[in-house]
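# Notes for the structure review
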Amino acid sequence: MNRTVLYIVFWWCVSAGCLKAEDGSRLWFRAEMTAQAQVKANRESPAISVAVEELEKRWKGGAVHLSLHQNKKLRNLGKEGYVISGEKQTGIHIQSASDLGLLYGAYHLLRLQDTQNDNGALQVEESPAYDLRLLNHWDNLDGTVERGYAGYSIWKWDELPEKISPRYKEYARANASIGINGTVLNNVNASPGILTGNYLRKVKVIADILRPYGIKVYLSVNFSSPQILGGLSGSDPLDTGVRRWWRDKIGEIYRLIPDFGGVLVKANSEGQPGPQDYDRTHADGANMLADALKPYGGIVMWRAFVYHPGDEDRAKQAYQEFIPLDGKFRDNVILQVKNGPIDFQPREPFSPLFGGMKNTALMPELQITQEYLGFSNHLVFLAPQWKEFFESDTYCNGKGATVAKTTDGTIFPHPVSAIAGVANIGEDINWCGHHFAQANWYAFGRLAWNCELTADEIAEEWLRMAFTRDQAFVTPVKEMMLHSWDAAVNYMMPLGLHHIFAWDHHYGPEPWCDIPGARPDWLPRYYHNAGEKGIGFDRTTGGSDAVSQYHAPLKEYFNDIATCPEDLLLWFHHLPWDHPMKNGRTLWDELCYRYDTGVRQVREFQKIWDRMERYIDGERFRHVQSRLKIQSRDAVWWKDACLLYFQTYSGKPIPYDIERPVHELDDLKKVKLDLKHHH
Ligand code: GCV
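Residues numbered from 1 in each chain as written. Predicted model: local features only at pLDDT ≥ 70, side-chain atom pairs only at ≥ 80, totals over all residues. Heavy atoms only, no water.

## A few points about the overall build of the protein
Secondary structure assignment for the protein yields 21 helices and 13 strands. C-alpha extents for the protein along the principal axes are approximately 75 × 75 × 50 Å. Within the span of the protein, comprising 679 residues, buried residues form 62% of the whole. Long-range contacts, defined as pairs at least 24 residues apart, comprise 72% of the intrachain contacts of the protein with a sequence gap of at least 6. As displayed, the protein offers around 26000 Å² of accessible surface, 50% of which is attributable to carbon and sulfur atoms. Distance between charge centres in the protein, computed from 75 positive and 85 negative side chains, equals 4 Å. (Helix = DSSP H or I, 4+ residues; strand = E, 2+ residues; numbered from the N terminus. Buried < 20%, exposed > 50% of the residue type's maximum accessible area, 1.4 Å probe, protein only. Contact = heavy atoms within 4.5 Å. Areas by Shrake-Rupley, 256 points an atom, 1.4 Å probe, with all protein chains shown as cover. Lys, Arg positive; Asp, Glu negative; His and termini not counted. Charge placed at Lys NZ, Arg CZ, Asp CG, Glu CD.)

Next up, the structure:
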């Protein structure tokens, strides 16, 4: 072919869309936008325009009618619910009592088209499990992201409000398509600067872009803002001047952003200021902000992530702090509680605050970003972890009182229900660092909408949209995803071990870590307690008694070695190395086998992945392949580090039938990664 012909072929390809880069930038929107569907709506609104446009460009079936109207059935589905009926070829009807319901209905229909083979007669009725489904960005104003592994922040504060990154709209669309309806733009370790007029004008621009997609903006606020920004002598929540400052500031925000969602607060936690600095309680602090937000319908999300160095078991402290305040919060305050009692560990029992606080609205906080799960190097699909959490029985109301039911309004009705996920989004071209980390963002949204979906269903949907519908690819890769969390727990912290990470950055093992003068509750030894006699944290009635924060009969189950789930054994018990496990092995041997299993699982993932080369694009294939190599090496690193270190106490051989260590403990102790984490 001569040059001219080549050139023509090239441009034909570009215009036909066949040269799209498979760099992950399109997320789960890889289907063509070339349809020309007939779409009609009985009303107009910015959200309806988005719905119409999405359907016109992507729906490959008969006419779609969107109708916003009120009837009993639609009202019962709530303001975001919808009904879809009809048949693909002859025509579809989407109905809702609100324009946002129509938008969600449109995305639902398109998802069916993108993931299902058969679109026969449709009869769908949906409404979300949680009212507020939020992302929390731990993004700093200087563009860095705390615990972010996908590059700098997507929020370009120095360019705003003049320059608008095209990513803001793509972000809005991706979130709306999975039902996310709110976002906290900045880090909970909050700079007071976010509340200056200068920044609020930037925030307004983002809010305006997200609004048609049904996404409200929220901000993390620094409790000392009245003092730092307002020049007051302090920030005592009961001081009239302080209260006035907040009222004025909140009023200023609502003049710019009339549908501003509210604030998120990390107070008296890890060095952040808070009401206790003035001998006031968390309720005093939260209620002050709630009063300022109330006239506008805004909410306060007050975090329960508090712990102090001292003799008390860290796992017990949030419960001790907040249970006495149960019922003392305003009705527009929601306590935001991490899934587990410590801190997003690879595996934790659920926090006993769930089911413990009966007169205060509680919202779960999940971590989408993989702070403790190999950053964006490890492939770890988190839906199985979150499902375990949602389905955990708190027994607060007899059997079947799952965490989901205690928070979604089923057992404790409160004015609003909510859930948050700490985002894994950054400016990387593929958004999340690892292509498969996108699946965690996706899964969070889907579960926040419907926590009864299975991890299997979510993985299947995502794979079909993000890669291909070919089952020769989807089936094995889905299996890999569904086992990936289990694998990570095995090679990092099996049997209930927790927090044995490297200091500060949390990438890699450092069970030996000892920093002179460091807070003991920031050191691994505090958690594993390994010694010649055994290993584990005794949280039984004879130990720290953390078990007693759970309802009966769960506390008895956890307390008794015979009934404590082995996956959480060393979370609740300190046991001798030769403690007999249910399968007849000793604890030491079982620990060795679990670490070894984790390594073998990752090697299996590599084999699965390499077989997939012919089904997908080379670009993403190679990227994931290279990350799996890192994960495999890291798994061996974890196994060797933990087993060789614990062996110095157990004094027992690593069972001879498992792979031998390939590292020397002394060498591993010298590993110091230069990874910064930004406060
Ligand atoms: C935003 C953990 C993380 C911190 C994080 C904190 C929190 O301790 O390591 O980076 O700070 O949790 O959730 O507030």
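Let's pick the thread back up.
## Some remarks on unusual backbone geometry
Note the cis peptide between Leu160 and Pro161, where omega equals 0 degrees. You can see Pro161 is positioned in the loop between β6 (132–136) and α5 (167–177). Each neighbour pair has its own omega, and for Ala552 with Pro553 the value is 0 degrees, a cis peptide bond. On the secondary structure map, Pro553 appears in the loop between α16 (524–528) and α17 (554–559). Phi at Glu270 is positive, roughly 45 degrees, even though this residue is not glycine. The residue Glu270 is located in the loop between β9 (262–265) and α9 (282–293) in this model. Its relative accessible area of 25% is what places Glu270 among the partly exposed residues. The phi dihedral of Tyr395 is positive, around 60 degrees, even though this residue is not glycine. Mapped onto the secondary structure, Tyr395 falls in the loop between α11 (383–391) and α12 (403–407). What makes Tyr395 buried here is its relative accessible area of 16%.

## Description of the sheet that holds strand β13 (residues 418–422)
If you trace the 8 strands once around the closed barrel, you get β6-β7-β8-β9-β10-β11-β12-β13, paired in parallel fashion. Averaged over all adjacent pairs, the angle separating strand axes in this sheet is 25 degrees, with direction ignored. As paired elements, strand β11 (residues 333–338) and strand β12 (residues 362–367) share 4 bridges and run parallel to each other. The residue bridging Lys338 from the neighbouring strand is Glu365, located in β12. (Pairing = 2+ DSSP bridges. Axes fitted to C-alpha atoms, helices over the stretch in contact; angles between N-to-C directions.)

## Re the sheet that holds strand β3 (residues 82–87)
Ordered in space as β1-β2-β4-β3-β5, the 5 strands form an open sheet in which the pairing is mixed. Two strands in the sheet have a free side with no partner beyond their single neighbour: β1 (39–41) and β5 (121–126). For this sheet, the mean inter-axis angle between neighbouring strands, taken without regard to orientation, is 10 degrees. Pairing between β3 and β5: 6 bridges, direction antiparallel. Across the sheet, the residue bridging to Ser85 is Gln123, located in β5.

## Quick word on the state of the cysteines
What the rule picks out here adds up to 0 disulfides. Free cysteine Cys451: the closest other cysteine sulfur is in Cys396, separated by 15 Å. Taking the relative accessible area as the measure of exposure, Cys451 reaches 8% and is therefore buried. In this structure Cys513 is a free cysteine whose sulfur lies 13 Å from that of Cys642, the closest cysteine sulfur available. (Disulfide = S-S within 2.5 Å.)

## So, the domain arrangement of the protein
When the domains of the protein are assigned, the result is domain 1 (23–126), domain 2 (132–336 + 366–453) and domain 3 (489–537 + 574–677). Measuring from the centre of the C-alpha atoms in domain 1 to the corresponding centre in domain 2 gives 29 Å. With 20 residues of domain 1 at the contact, the number on the domain 2 side is 23 residues. Roughly 1900 Å² is buried in total at the junction of domain 1 and domain 2, and carbon and sulfur atoms are behind 58% of that figure. For the pair domain 1 and domain 2, the interface holds 2 salt bridges. Between Glu80 and Arg133 there is a salt bridge, with its nearest N and O atoms 3.0 Å apart. Here domain 1 is connected to domain 2 by 8 residue pairs in polar contact (both at pLDDT 80 or more). Residue assignment for the side of domain 1 that touches domain 2 shows that the elements contributing at least two residues are α2 (46–58) and α4 (99–115). Classifying every residue of the side of domain 1 that touches domain 2 gives 12 nonpolar, 2 polar and 6 charged. (Domains from an automatic or database assignment. Buried area = accessible area lost by both parts, 1.4 Å probe. Salt bridge = Lys/Arg side-chain N within 4 Å of Asp/Glu carboxyl O. Polar contact = N/O pair within 3.5 Å; in protein donor to acceptor, adjacent residues only side chain to side chain. Nonpolar A, V, L, I, M, F, W, Y, C, P; charged D, E, K, R; others polar.)

## Examining the pattern of salt bridges
Within the structure shown, the criterion is met by 43 salt bridges. Across the pair Lys478 and Glu460 runs a salt bridge, and its minimum N-O distance is 2.6 Å. Of this pair, Lys478 sits in helix α15 (residues 471–492) while Glu460 sits in helix α14 (residues 455–466), placing them 18 residues apart in sequence.

## Things to note about the site of the ligand
Residues in close proximity to the ligand total 16 residues, the closest being Glu146, Lys266, Arg303, Lys338 and Glu371. In the model, an oxygen atom of the ligand is placed 2.8 Å from a nitrogen or oxygen of the Arg147 side chain. Asn189 has a polar side-chain atom sitting 3.2 Å from an oxygen atom of the ligand. When the ligand is considered free in solution it has 340 Å² of accessible area, and contact with the protein chains removes 97% of it. Of the residues belonging to the shell around the ligand, the class tally is 4 nonpolar, 4 polar and 8 charged. (Near = heavy atom within 4 Å.)

## Some remarks on the pairing of β11
On a regular strand, one side chain projects to one face of the sheet and the next to the other, so that they alternate. Within β11, 6 of the 6 residues are buried, leaving the element largely enclosed by the surrounding structure. Neither face of β11 is left uncovered, since the one carrying Val333, Leu335 and Val337 and the one carrying Ile334, Gln336 and Lys338 both have all their residues buried. In terms of strand pairing, strand β10 (residues 299–303) meets β11 through 4 bridges, oriented parallel. Pairing of Met301 across the sheet is with Ile334, part of β11.

## Regarding helix α13 (residues 438–449)
Between the first and last C-alpha of α13 there are 17 Å, a value that for 12 residues agrees with the 16 Å anticipated at 1.5 Å per step. With 12 of its 12 residues buried, α13 lies for the most part within the structure. Inspection of α13 places Gln438, Ala439, Asn440, Trp441, Tyr442, Ala443, Phe444, Gly445, Arg446, Leu447, Ala448 and Trp449 among the buried residues, and these make up the whole buried set. (Expected span 1.5 Å × (residues − 1).)

## So, the nonpolar core
Grouped together as the largest cluster of nonpolar side chains are 220 residues, with contacts concentrated most on Trp302, Phe436, Trp441, Trp609 and Phe646. Apart from residues lying up to four places away in sequence, Phe646 is in contact with Leu497, Ile500, Pro511, His528, Ala530, Ile535, Trp577, Trp588, Leu591 and Tyr595. (Core = buried A, V, L, I, M, F, W, Y, C linked by side-chain atoms within 4.5 Å.)

## Concerning α11
Residues three or four positions apart in an α-helix share a direction because the helix packs 3.6 residues into each turn. Burial runs high along α11: 7 of the 9 residues are buried. Those residues of α11 that sit buried are Ala383, Pro384, Gln385, Trp386, Lys387, Phe389 and Phe390. Those residues of α11 that are buried lie in contact with β12, α12, β13, α13, α14 and α15.

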